[in-house]
Amino acid sequence: MPTVHRKPFGRAHGQSEIDLWTLDSGTGVRAEILTYGGVLHGLTVPDTAGSPGPVVRSLPALDDYTDKNPYFGAIVGRYANRIAHGRFTLDGTTHHIPANDRGHALHGGPDGFHTKVWGATGERTETTAVLRLTLHSPDGDMGFPGALDVTATYTLDTTGTLAVDYRAVTDRPTVVNLTNHSYLNLGDDDILGHTLQVDADAYLPVDAGSIPEGPPAPVAGTPFDLTAPRRIGERLDHRDAQLRPAGGFDHCWVLRPAAPGTLRRAARLTAPGDRRTLELWTTEPGLQVYTANQLDGAFTDGTGRRHQRHGSLCLETQHLPDSPNRPGHPSTVLRPGAVLRSRTEWRFPHLRPAADNRLRPPAAP
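Residues numbered from 1 in each chain as written. Predicted model: local features only at pLDDT ≥ 70, side-chain atom pairs only at ≥ 80, totals over all residues. Heavy atoms only, no water.

Moving on to the UniProt feature "binding site: beta-D-galactose" (unreviewed entry) in the protein chain. The sites that UniProt annotates as "binding site: beta-D-galactose" (unreviewed entry) are N81, R82, H181, S182, Y183 and D250. When only the residues just named are considered, the largest pocket is lined by N81, R82, H181, Y183 and D250. Looking at where R82 falls in the secondary structure, it is placed in strand β7 (residues 82–83). Given a relative accessible area of 12%, R82 falls into the buried group. Polar side-chain contacts of R82 include one of 2.9 Å to the side chain of D101. Within the element layout of this structure, S182 appears in the loop between β16 (179–180) and β17 (183–184). Residue class for S182 comes out buried when judged on its relative accessible area of 4%. Excluding anything up to four places from it in sequence, S182 contacts L40, V56, G73, L313, C314 and L315. Only 2.6 Å separates the side chain of S182 from the side chain of N180, close enough to count as a polar contact. (UniProt positions renumbered as here; feature names shortened; annotations may be inferred. 1 Å grid on protein atoms, 1.4 Å probe; cavity = no way out; pocket = protein on both sides within 12 Å on 5 of 7 lines; lining within 4 Å. Helix = DSSP H or I, 4+ residues; strand = E, 2+ residues; numbered from the N terminus. Buried < 20%, exposed > 50% of the residue type's maximum accessible area, 1.4 Å probe, protein only. Polar contact = N/O pair within 3.5 Å; in protein donor to acceptor, adjacent residues only side chain to side chain. Contact = heavy atoms within 4.5 Å.)

Dropping the structure here:
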């Protein structure tokens, strides 16, 4: 049966108590989430032999999360991705967000949701372990208009699927684009030998500052063609000019159409030797793929080992910039009376649940 546990993890900013919540499926998959930044601190998944191992990168201590870091595992907002020059106009008023990335505002600014302490409540049923996180972002927070109330609900079920559901409401028109910023590696020293498939026929080119430009470009004939499984290292070997701004992938793929609110498969990531497979399903229309190539030696896998460049991969489900994707024009406008809802799931098809909905037990030591 699934279980939910909480324990102290330290104090953020010298005062706020931070908890580590553990969701255990009871069938071999375990997720660890911090109330600081809503961080997915750990996700342990058995491989095909039943041996458990981490599939997301983590930082060892709370001080590492509160110090400057590239959004490890965090819920980012109010606005995931970049706002050109930290400016956008909504209903005739220009709003200014503090720049924190080459003159642009990235992931909600320097004190975005990844730095906040979220409220938390846990519960369990016979088939799920649930953590519900809540955050109130006041009017003017990081320059964004309107008070925003956000709920992010992590749910782990007995099949081993981890889901996060986002819900947001506002009292004034504002822009919202929420995502999780976990760094994935399914069990190898780097990400180059993993294969990746993205269910998208187009992507958004970027300028030298990694600001999305439009219109969407077809992936056919480019290193961005991941319509069939491709080894990540093979794609990064290309000399395509679009790989230069970030030294690899840091682009939004336009997912194949689906009815609004419908889950569709966005990507499939497979470790060398097919030891683990992750499928990402989402209701969002876009997927940001980031090869995290500049994180040289900056993180561990929970065992204390240091990892070098190309050590992980971000797959961030999110909305698309405005058509025709003009820099500095965020898309998702949320108005009073409306509710933003989205869902993302991490599924692990290699686990192959048995008829009783339980995963195979770990192999004997």
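Now that the structure has been shown, the text picks up again.
Another point: the layout of surface pockets. Of the pockets and cavities examined, the largest pocket occupies roughly 560 Å³. Around the largest pocket sit 30 residues that line it, and N69, P70, Y71, D101 and L106 are the ones nearest its centre. Of all elements in the fold, only α1 (62–66) and β25 (286–290) reach the threshold of two or more residues within the lining of the largest pocket. Residue classes in the lining of the largest pocket are distributed as 11 nonpolar, 12 polar and seven charged. (Points joined across faces, edges and corners; volume = space filled by probe spheres on them. Nonpolar A, V, L, I, M, F, W, Y, C, P; charged D, E, K, R; others polar.)

Attention now goes to the nonpolar core. Grouped together as the largest cluster of nonpolar side chains are 61 residues, with contacts concentrated most on Y154, L196, V198 and W253. When residues of this core are assigned to their parent elements, the largest contribution, five residues, is made by strand β13 (residues 148–157). Formed by 14 residues, the second largest nonpolar core is a distinct cluster that contains L20, L59, Y65 and F72. (Core = buried A, V, L, I, M, F, W, Y, C linked by side-chain atoms within 4.5 Å.)

Attention now moves to the pattern of salt bridges. Tallied over the entire structure, the rule returns 17 salt bridges. Where D101 meets R82, a salt bridge forms, and the shortest distance between an N and an O atom there is 2.9 Å. Placement of D101 in the loop between β9 (93–96) and β10 (105–106) and of R82 in strand β7 is noted, with a sequence separation of 19 residues between them. An identical accessibility class is assigned to D101 and R82; each is buried. One salt bridge connects R343 with E345, and the closest N-O pair in it is separated by 2.8 Å. With relative accessibility at 26%, the residue R343 sits in the partly exposed group. When salt bridges with common partners are traced through the structure, they connect R82, D101, R102 and D250 into a single cluster. (Salt bridge = Lys/Arg side-chain N within 4 Å of Asp/Glu carboxyl O.)

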